[in-house]
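Structural characterization, general
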Amino acid sequence: NAGVTQTPKFQVLKTGQSMTLQCAQDMNHEYMSWYRQDPGMGLRLIHYSVGAGITDQGEVPNGYNVSRSTTEDFPLRLLSAAPSQTSVYFCASSPVQGYEQYFGPGTRLTVT
Amino acid sequence: KQEVTQIPAALSVPEGENLVLNCSFTDSAIYNLQWFRQDPGKGLTSLLLIQSSQREQTSGRLNASLDKSSGRSTLYIAASQPGDSATYLCATNLSGGYQKVTFGIGTKLQVIP
């Protein structure tokens, strides 16, 4: 199993550009989440999904969009990038509520 | 709103020492608590998961305890090694049917050979 994979590893965007961060898992997990990690702050939940076709907002959803058309994939879309979205983004999955989370290696995004 | 605090923010110990990392949380109605390790520039690796009904979990040289009533968890690392150097994060998952997790900022551990 590859586990949770994320692409790209690094990305630089200009303000106003859009892009999609990719996340995929091959463990048939129902739950998937997107977090951002900023210096001096704990990881913060952006969006999460409890299964294909079902998504919900986390703590910091503004400026991000998600969809979940398959169990395996959970892409995160930045609609119009802003410097405040400069961060490291992590995708995670777990088999069911209450079980341990498995994290991807992260995407480091810089918005200039 | 759940708040998770980890003390100390950084810790430096000589190799071989036993050490304790602390995690406190404000809302005791947690579903579980998870300890992670994060190496520089890498993702998070799950170390131990404690369900709300459990008092402790052990894996090798690691032991995590949970005291819900006082809002505390500790991660005990026995006989520390330089390879244990990393940032250790704790995260609580509140009860409620959806995955809502709050992370602490972490404790950065350096084990000196």
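Further up the page is the structure itself.
Residues numbered from 1 in each chain as written. Chains lettered and ligands numbered in written order. Predicted model: local features only at pLDDT ≥ 70, side-chain atom pairs only at ≥ 80, totals over all residues. Heavy atoms only, no water.

1. Side note on the environment of Tyr48 of chain A
Our working definition: Helical segments are the DSSP runs of H or I of at least four residues, strand segments are the runs of E of at least two, and each set is numbered from the N terminus.
Relative to the helices and strands, Tyr48 of chain A is located in strand β5 (residues 44-51). In this structure the C-alpha to C-alpha distance between Tyr48 of chain A and Ser84 of chain A, which are 36 residues apart in sequence, comes to 21 Å.

2. Details of the sheet that holds strand β8 (residues 72-77) of chain B
All names here are of chain B. Our working rule: A pair of strands is considered paired only if DSSP assigns at least 2 bridges between the two. Only C-alpha atoms enter the line fits that serve as axes; for helices the fit covers just the stretch in contact. Angles between N-to-C directions range over 0 to 180 degrees.
Pairing in this open sheet of five strands is antiparallel, and the strands run β1-β3-β8-β7-β6 from one edge to the other. Looking along the sheet, the strands with just one partner apiece sit at the ends: β1 (4-7) and β6 (56-59). The average angle at which neighbouring strand axes cross in this sheet is 15°, direction not considered. Pairing of strand β7 (residues 62-67) with β8 involves six bridges; the strand directions are antiparallel. Pairing of Ala64 across the sheet is with Leu75, part of β8.

3. Here's the deal with the state of the cysteines
Put simply, the test is: In plain terms, two cysteine sulfur atoms within 2.5 Å form what is called a disulfide here. Exposure categories follow from relative accessible area, calculated using a 1.4 Å probe and restricted to protein chains: below 20% of the type maximum is buried, above 50% is exposed, and the middle band is partly exposed.
Under the criterion given, the structure shown has two disulfides over all chains. Each sulfur of the disulfide joining Cys23 of chain A and Cys91 of chain A lies 1.8 Å from the other. For the disulfide bridge between Cys23 of chain A and Cys91 of chain A, the dihedral angle about the S-S bond is near -70°, and by the sign convention the bridge is left-handed. Highlighted residues: Cys23 of chain A in strand β3 (residues 19-25) and Cys91 of chain A in strand β9 (residues 87-94), separated in sequence by 68 residues. Residue classification places Cys23 of chain A among the buried residues on the basis of a relative accessible area of 2%. Disulfide partner of Cys23 of chain B: Cys90 of chain B, at an S-S distance of 2.0 Å.

4. Considering the interface of chain A and chain B
Stated precisely, the cut-off is as follows: Contact between two residues is taken to exist if any of their heavy atoms lie within 4.5 Å; hydrogens are not considered. Two parts placed together each lose some accessible area; with a 1.4 Å probe, that loss summed over both constitutes the buried area. Note on definitions: salt bridges are taken to be side-chain nitrogens of Lys or Arg within 4 Å of carboxyl oxygens of Asp or Glu. Pairs of N or O atoms within 3.5 Å make up the polar contacts considered here, provided that, within protein, one atom can donate a hydrogen while the other can accept it, and that residues adjacent in sequence are counted only when both atoms are side-chain atoms. The nonpolar class holds Ala, Val, Leu, Ile, Met, Phe, Trp, Tyr, Cys and Pro. Asp, Glu, Lys and Arg form the charged class, and all remaining residues, Gly among them, are polar.
Listed per partner, the contact involves 22 residues of chain A and 24 residues of chain B. The contact between chain A and chain B buries some 1800 Å² in all, and 50% of this surface belongs to carbon and sulfur atoms. Across the contact surface, chain A and chain B share one salt bridge. Summed over the shared surface of chain A and chain B, the number is four residue pairs in polar contact (both at pLDDT 80 or more). Elements with a minimum of two residues in the side of chain A that touches chain B: β4 (31-37), β5 and β9 of chain A. Here the side of chain A that touches chain B gets four residues from one element, more than from any other, and that element is β4 of chain A. Its residues placed into classes, the side of chain A that touches chain B shows eleven nonpolar, nine polar and two charged.

5. Notes on the pattern of salt bridges
A side chain of one charge can pair with a side chain of the opposite charge if their charged atoms are brought near each other. All chains considered together, the criterion is met by five salt bridges over all chains. Its salt-bridge partner being Asp84 of chain B, residue Arg61 of chain B comes within 2.8 Å of it at the nearest N-O pair. Note that Arg61 of chain B is positioned in the loop between β6 and β7 and Asp84 of chain B in the loop between β8 and β9 (86-94), a separation of 23 residues in sequence. For Asp84 of chain B, a relative accessible area of 7% corresponds to the buried category. Put simply, Arg36, Asp38 and Arg44 of chain A are held in one network by salt bridges that share partners.

6. So, the packing of aromatic side chains
Stated formally: Each Phe, Tyr or Trp ring (for Trp, its six-membered ring) is paired with any other whose centre lies within 6.5 Å, and the angle between the two planes then decides the class: stacked below 30 degrees, edge-to-face above 60, tilted in between.
Tallied over the entire structure, the rule returns seven aromatic pairs over all chains. Centroid distance Tyr35 of chain A to Phe103 of chain B: 5.4 Å. Interplanar angle 80°. Geometry classified as edge-to-face. Taken together, the residues span two chains, with Tyr35 of chain A in strand β4 and Phe103 of chain B in strand β10 (residues 101-103). Like Phe103 of chain B, Tyr35 of chain A is buried.

Functional significance is not addressed by these values, which are geometric in nature.
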